[in-house]
Amino acid sequence: MRRVLALTAALLLLLTGCTAADDGPDDGVVRLRFQSLAWQKESVDANRQLVEEWNAAHPDVQVEYVQGSWDSVHDQLLTSFEGGEAPDIIHDASDDLADFAYGGLLADLRPLLSERLRADIPARSWETTTFGEGVYGVPFLQEPRVLIANRKILEASGVRVPTPEKPWSWTEFRQIAQDLTRTMGPGRYAVAWPLKEPVSVSLNLGVSDGGRLFHRGPDGRVTVDFTEADGTVPGTVHDQVVTDRTAPRTTLGSGGSDTLPGFFAGKYAMVPLGFAYRQQIAQQAPEGFEWTVLPAPAGSEGLAQGVSPQTLSIAEDSPHKKEAARFLDFFLRPANMVRLARGDWMLPTGAAALADPSLHTARDGWATGAAVARRLRPAPAQSVRGYPEWKDKVATPAFQEYYSGAIDGAELRRRLVEDGNRVLARYQRG
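Going by what an unreviewed UniProt entry lists, the protein chain is known as Extracellular solute-binding protein and is assigned to Streptomyces tanashiensis.

Here it is as structure tokens:
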């Protein structure tokens, strides 16, 4: 019996030692893990510097910077949640949060956030991280889509150059593309559409003309309906490629970066891109190349666009939620939000940060982006369960075939609606 008791005591001591080691040194210091998805050098530097500044000022709450990747974040988070090893503070995008939020894996931030932070970020941005009754992320960076244009080609053509106050309509954009293509000569095009990922581009730009695509009924269930407003942007792209020949088929399967060599060579006058691509253009453009940033075309809703902001969330399993929220409040102070935005060449959601004069300069198109930022709205698919499957299995191939001319508008609508609703229905049973 004495041998059994001694063995039991030894095992208990061993287990206690393992637990203590797993939890870190017992020195009273709270340790938080912050997984960041920053990837550009300026952005990584800004994130790391803010973590260092926090740690220097808060010896009792230390934050460990963990580098994540946009390419694998969803699957990586699923694995870490299932294994009980999720970071305390999670960087992601709002359109990736729905399943985590509804699954109880993210903390409801309503009782944790400071009044300052809640008031500084507009209600339309908070909508992007609201699922059911809870708020499961802080939206802090956003990226409108703009037209990056060759300034010399535009000026030589004599076409009207749009501004945020007087943008092109979608109809005018199509006509401008025809005029530009005629002046540019054979083998050159007014616009290159990089649509390797066509769904978010089509849906988010469609908001400008009142497109919604997803409709939530009184019972909370979501269905797909492709209306005339939803067809404005897809129809414009299709007609530019297939009918007008003002946009090449060859770029439809490309990413944004793939179009830049042709843009720099004068093969394309304009490329619709996310706002952050300006950094790449500023760094890679050949000497003497002049470029400018134009607002995307406007529809019945003006310059409105759908957007899925970058977000910061707190894991539900984190034992230090209050301390994590304190770090978020520091990390997202207006001056810090400006640093993060400039590091990522994006725009802050916070009203105080967005008003910073450095984000309203003509250089590199900051002022155009800031003007558009005030019109950004939640992406249509923001809170739709089953959206990733609908996008991958139904919408992406349907849009790709429509834009290339392989199917017509009626078949596009049938696939998005009929096939799409079958997918969404599986996520809304019960």
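What follows covers the overall build of the protein chain. Check the secondary structure of the protein chain and you find 18 helices and 16 strands. Expected size for 430 residues packed as a compact globule is a radius of gyration near 22 Å; at 24 Å, the protein chain falls within 12% of this value. The principal-axis extents of the C-alpha atoms in the protein chain amount to approximately 95 × 50 × 35 Å. Here the protein chain holds 430 residues, and 51% of them are scored as buried.

Another aspect to go through is unusual backbone geometry. In most cases, non-glycine residues show a negative phi, while peptide bonds are predominantly trans. Located in the positive-phi region is R245, a residue other than glycine, with phi close to 60 degrees. Among the secondary structure elements, R245 is positioned in the loop between α10 (232-243) and α11 (260-264). Given the relative accessible area of 52%, R245 is considered exposed. Even without being a glycine, D364 presents a positive backbone phi close to 60 degrees. Tracing the sequence through the fold places D364 in the loop between α15 (351-354) and α16 (366-373).

The subject of this paragraph is the packing of helix α9 (residues 198-206) against helix α17 (residues 387-404). For any two helices packed against each other, one specifies the inter-axial angle together with the distance between the axes. Remark: α9 packs on α17, axes separated minimally by 8 Å, with the N-to-C direction vectors making an angle of 85 degrees. In this view, α9 runs roughly perpendicular relative to α17, as classed from their interaxial angle. Contacts between α9 and α17 involve P198, V199, S202 and L203 from the former and Y387, W390, K391, A395, T396, F399, Q400 and Y403 from the latter. Partitioned by chemical class, the residues of the contact of α9 with α17 number eight nonpolar, three polar and one charged.

Right, let's get into the packing of aromatic side chains. Under the definition given, this model contains 23 aromatic pairs. A ring pair is formed by F34 and Y65, whose centres lie 6.1 Å apart and whose planes are at 90 degrees; its orientation type is edge-to-face. Of this pair, F34 sits in strand β1 (residues 30-36) while Y65 sits in strand β2 (residues 61-67), and the two are 31 residues apart along the sequence. The pair formed by F34 and Y65 is uniform in burial state, with each residue classed as buried. Centroid distance W54 to F330: 5.6 Å. Interplanar angle 50 degrees. Geometry classified as tilted. Of the two residues, W54 sits in helix α2 (residues 41-57) while F330 sits in helix α13 (residues 321-331), which places them 276 residues apart along the sequence. No difference in accessibility class separates W54 from F330, as the two residues are buried. Ring-pair connections join several aromatic residues into one group, and the members of that group are F34, W54, Y65, F327, F330 and F331. The aromatic ring of W366 is capped on one face by R278, whose charged end is 4.1 Å from the ring centroid.

By secondary structure assignment, the location of L213 is in the loop between α9 and β9 (214-216). Each C-alpha atom of the pair L213 and P380 lies 7.0 Å from the other, and the pair is 167 residues apart in sequence. Among residues more than four places away in sequence, those in contact with L213 are L203, T223, V224, D225, F226, D230 and W390.

So, about the nonpolar core. Judged by nonpolar contacts, the single largest core of 50 residues is most densely connected at L180, W193, F214, M270 and W390. Counting residues per element, this core draws most heavily on α17, at eight residues. Residues within four places of L180 in sequence aside, it is in contact with I153, L154, S157, V159, A190, A269 and M270. Grouped together as the second largest cluster of nonpolar side chains are 39 residues, A38, A324, A325 and F331 included.

What follows concerns the pairing of β1. Each regular strand displays side chains that alternate between the two surfaces of the sheet. When you tally the buried positions in β1, you get five out of seven residues, the bulk of the element. Sheet topology note: the β1/β2 ladder contains seven bridges and is parallel. Each bridged residue has a counterpart across the sheet, and for R33 the counterpart in β2 is E64. Viewed along the sheet, the connection from β1 through α2 into β2 turns out right-handed. The sheet contact formed by β1 and strand β3 (residues 89-93) spans two bridges and is parallel. Bridge pairing in β3 links Q35 to I90.

We now examine α2. Here α2 spans 24 Å end to end across 17 residues, near enough to the 24 Å set by a 1.5 Å rise per residue. Turning to α2, its buried residues number three or more, namely S43, V44, A46, N47, L50, V51, W54 and N55. Viewed along the axis of α2, the buried residues span an arc of 165 degrees, placing them on a single side of the element. The outward face of α2, more than 90 degrees from its buried face, is lined by the exposed residues K41, E52, A56 and A57. Those residues of α2 that are buried lie in contact with β1, β2, α13 and α14 (334-344).

Rules used in this analysis
- Residues numbered from 1 in each chain as written.
- Predicted model: local features only at pLDDT ≥ 70, side-chain atom pairs only at ≥ 80, totals over all residues.
- Heavy atoms only, no water.
- Helix = DSSP H or I, 4+ residues; strand = E, 2+ residues; numbered from the N terminus.
- Rg over C-alpha atoms; globule rule 2.2 N^0.38 Å.
- Buried < 20%, exposed > 50% of the residue type's maximum accessible area, 1.4 Å probe, protein only.
- Axes fitted to C-alpha atoms, helices over the stretch in contact; angles between N-to-C directions.
- Parallel < 35°, antiparallel > 145°, perpendicular 65-115°, else oblique.
- Contact = heavy atoms within 4.5 Å.
- Nonpolar A, V, L, I, M, F, W, Y, C, P; charged D, E, K, R; others polar.
- Phe/Tyr/Trp six-rings, centres within 6.5 Å; stacked < 30°, edge-to-face > 60°.
- Lys NZ or Arg CZ within 6 Å of the ring centre and 35° of its normal.
- Core = buried A, V, L, I, M, F, W, Y, C linked by side-chain atoms within 4.5 Å.
- Pairing = 2+ DSSP bridges.
- Right-handed = clockwise from strand over helix to strand, strands pointing away.
- Expected span 1.5 Å × (residues − 1).
- Arc of directions from axis to C-beta.

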